[in-house]
Amino acid sequence: MAAILFGLAYDDIRLAKHAERQALLALTPKQDKTKGYTSSASCRACHPSQYESWHKSFHRTMTQLAGPHSVMGQFDGTEVQSGGLLYRVYQTNDQYWAEMPDPEIMMKAVMGGRRVDDHTYLIRTNGVLKHLDLSKIQRVNKRVVMTTGSHHYQTYWVEGSVRNRENNQDETKYGNLLQTLPLVYLPKERPAAADGLKNASAVGQWIPRENAFMTAPNSKRMISQWNHHCIKCHSTAGNPGLNEDGLNFGTKVAELGISCEACHGPAAEHAEYYRSPLARYKEQFSDAPAAKVLNPAKLAELDHKRSSQICGQCHGVYIYNDAKVGKEFASNGPKYRPGDDINLIRYYIQHPTTNRSKERDIELKQNPEFFRERWWDDGTILAGGREFTAMRVSACYTKGTMSCMSCHSMHDSDPVDQLKPGMRGRQACIECHTEPEYTTAVKQHTFHKPSSTGSNCLNCHMPHTTYALLGAIRNHQVQSPSAARSIRHGVPNACNLCHLDQTLDWTQQHLAKRYGHESLPLNAEQRSTSAALLWLLKGHAAQRAIAAWHAGWQPARDTSGTDWLAPHLARLLNDPYGVVRHIANESLKKQPGFGQFEFDFIAPESERARVAKRAITLWNGLPRNDDDADGNAILIDPDRQLMETAIQALLKNRDERPVTIKE
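Model, not experiment: these values are computed from the prediction.

1. Side note on the overall build of the chain
Line of reasoning, step 1. Looking only at helices and strands, the chain has 26 helices and 21 strands in total.
Line of reasoning, step 2. The globule rule puts the C-alpha radius of gyration for 663 residues at 26 Å, and the 27 Å found for the chain is close to it.
Line of reasoning, step 3. With respect to the principal axes defined by its C-alpha atoms, the chain has extents near 80 × 70 × 65 Å.
Line of reasoning, step 4. Within the span of the chain, comprising 663 residues, buried residues form 49% of the whole.
Line of reasoning, step 5. Within the chain, counting contacts between residues at least 6 apart in sequence, those at least 24 apart form 65% of the total.
Line of reasoning, step 6. Roughly 32200 Å² of accessible area belongs to the chain as shown, and the carbon and sulfur atoms make up 52% of that amount.
Line of reasoning, step 7. In the chain, 79 positive and 71 negative side-chain charges are present, and the distance between their average locations comes to 3 Å.

Written out as structure tokens, the structure reads:
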């Protein structure tokens, strides 16, 4: 009898979970198997090891249905102010909810109105212009139905349905439109892999979305819908399904996240073909490409450019070749399939300085902010997630055969960066560059010890000068170190990002002597003050972020010492940009004596200023050593006192240009 009751109870639980999942699916993009797609589940039986390695990747968890297996955030009643508006997150059983200002009204105000101040927008209602105070918008409870991200941080999407007050039923006014919850969850300790949440910390921090991105202060509020923006790169074969009225969405995807078919192409015919035992047997004796799908890593199937375009689906800056293609995507999803020539439907934008032409000069003059939000002023890529854009102007790609797959793989690789084994050092380059100065006589080329980080090709030719995800990542433009670009355009260079204590004058002299670089005129600061400190204290927000990140980068700390950086990083704890404060704090905690330093980077300005002063006081009280660094370059005098007059002069003349980075 007990067994029967247990079985009935189990069935009830199973049916309840099934009903819950069906309810969730009704609010989110539908799975579409009408265009030859079949989903990653169909790949698992025949390709178990490849499926397992992909399943551990963060590409898989790029977008997921919200549930205990996917949600990292603590929905425990926490209240967070975002843009001065209050949001509360809470949980009911396995459902996640947010109490928030009505996102539909927010959308209309921010996307269709004109900003008057932080809380007030001028909107047109029934043909009449009216002021709308966002702080007085009706509050609603919205279910969180989907997640984006599972590595650096996670953001969330709420249902787009609205409650009919007359019958108390949900109505889908805009179809399955998903609105943003303008909060981001930062895990205290990031998960080691994306395979569930068992490796994630139980404690983290909710932050306003505007503090998770490099966004200029006083910018327009960040409002977005998943269906027509994020769908392009955060799903496989995402189809917005926008109706002719331009308001209602019938969004579909082949699969949430980046799945097998995003890279190998639609696999329904492939799976059907190999259901035959005879077909599987014949495959064992053939070197021909597998029927109906392709392998991007095999040059026999695709050349290096065509294979890289598969990654370029998401990792590039582009517009559609004509408006018809863009409209077709909005209604029916992407026409591109892996293996096609993506240039037939897309125009990949490059900064005019990398390929000068009259047309591109006009583009720069007409859209200066568009370029500044994605590139450094010299044309080097600034925004993360644009690696294909960067690589496609490098000589390794244009004159050689380097592709994304030269270093990266979705299988048998590090799930964090998808790097193949051995691709964090010189091995990544000497596959092609086999001359002695790159292999057996390295010092002849690098002027560093062969075993040092200064002889790692990547540190010089792919420095961390791209910003993304609250930090710096390697630039995929593959260039040689240049003091000239730093002097003319303010782009941080590889030499000074490792030798944080050295000046631009020092770098220019070494590059001129060793490699014959042209020497350019320098001002007094460039001759006497560390380049890293000029970027950190006087530079614009992107320069400050990159310099602050390198203060915590181990090769730079090993090269430049760690006893002098803390008081300079402390100046950034009250920076106007939340991301700069966060990066500075992360690097500060790596300095001697600051391992347990507590700082909330989204605290009020007065509190941040107080903690910044406390950090400098703490540094002043640390024990002194005879070999502690000092000198004009690092703005510390021989008595171990900060050169406060010089520091304040740099801060007073800081480049306050508004910086927004479209990562």
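The discussion continues.
2. Quick notes on the side chain of Glu 261
Line of reasoning, step 1. Its place among the elements puts Glu 261 in helix α4 (residues 260-264).
Line of reasoning, step 2. Buried and unpaired, Glu 261 has Lys 33 as its nearest opposite-charge partner, separated by 8.1 Å.

3. Points about the environment of Ser 39
Line of reasoning, step 1. Note that Ser 39 resides in the loop between β1 (30-31) and α2 (48-55).
Line of reasoning, step 2. Measuring from C-alpha to C-alpha, the distance between Ser 39 and Val 253 comes to 9.9 Å, with 214 residues separating the pair along the chain.
Line of reasoning, step 3. In contact with Ser 39, not counting residues within four places along its chain, are Gln 31, Lys 33, Glu 255 and Glu 261.

4. What about the nonpolar core?
Line of reasoning, step 1. Met 214, Tyr 467 and Leu 573 are the most contacted members of the largest nonpolar core, which has 71 residues in total.
Line of reasoning, step 2. Counting residues per element, this core draws most heavily on helix α20 (residues 531-538), which supplies seven residues.
Line of reasoning, step 3. Judged by nonpolar contacts, the second largest core, of 32 residues, contains Ile 123, Leu 132, Ile 137 and Ile 223.

5. Observations regarding the sheet that holds strand β6 (residues 114-115)
Line of reasoning, step 1. Across the sheet, which stays open at both edges, the three strands sit in the order β6-β7-β8 with antiparallel pairing between neighbours. Across the chains shown, the open sheet's two edge strands, defined by having one partner strand only, are β6 and β8 (128-133).
Line of reasoning, step 2. Two strands pair when backbone bridges link them, and strand β7 (residues 120-125) and β8 are joined in this way by six bridges, in the antiparallel orientation. Paired with Thr 120 across the bridge in β8 is Asp 133.
Line of reasoning, step 3. Packed on one face of the sheet, helix α3 (residues 103-112) meets β6, β7 and β8 and runs near 95° to β7.

6. Some words on the environment of Arg 115
Line of reasoning, step 1. The residue Arg 115 is located in strand β6 in this model.
Line of reasoning, step 2. Once residues within four sequence positions are removed from consideration, Arg 115 is found in contact with Thr 120, Tyr 121, Asn 218, Ser 219 and Lys 220.

7. Comments concerning the packing of aromatic side chains
Line of reasoning, step 1. One pass over the full model with this rule turns up 19 aromatic pairs.
Line of reasoning, step 2. Between Tyr 318 and Tyr 320 the ring centres are 5.8 Å apart and the planes differ by 75°, which places this aromatic pair in the edge-to-face class. Each member of the pair, Tyr 318 as well as Tyr 320, carries the same accessibility label: buried.
Line of reasoning, step 3. Taking the centre distance of 5.3 Å and the plane angle of 40° together, the rings of Phe 371 and Trp 375 count as tilted.
Line of reasoning, step 4. Residue classification places Phe 371 among the buried positions, given a relative accessible area of 3%.

The rules we used
Residues numbered from 1 in each chain as written. Predicted model: local features only at pLDDT ≥ 70, side-chain atom pairs only at ≥ 80, totals over all residues. Heavy atoms only, no water. Helix = DSSP H or I, 4+ residues; strand = E, 2+ residues; numbered from the N terminus. Rg over C-alpha atoms; globule rule 2.2 N^0.38 Å. Buried < 20%, exposed > 50% of the residue type's maximum accessible area, 1.4 Å probe, protein only. Contact = heavy atoms within 4.5 Å. Areas by Shrake-Rupley, 256 points an atom, 1.4 Å probe, with all protein chains shown as cover. Lys, Arg positive; Asp, Glu negative; His and termini not counted. Charge placed at Lys NZ, Arg CZ, Asp CG, Glu CD. Salt bridge = Lys/Arg side-chain N within 4 Å of Asp/Glu carboxyl O. Core = buried A, V, L, I, M, F, W, Y, C linked by side-chain atoms within 4.5 Å. Pairing = 2+ DSSP bridges. Axes fitted to C-alpha atoms, helices over the stretch in contact; angles between N-to-C directions. Phe/Tyr/Trp six-rings, centres within 6.5 Å; stacked < 30°, edge-to-face > 60°.

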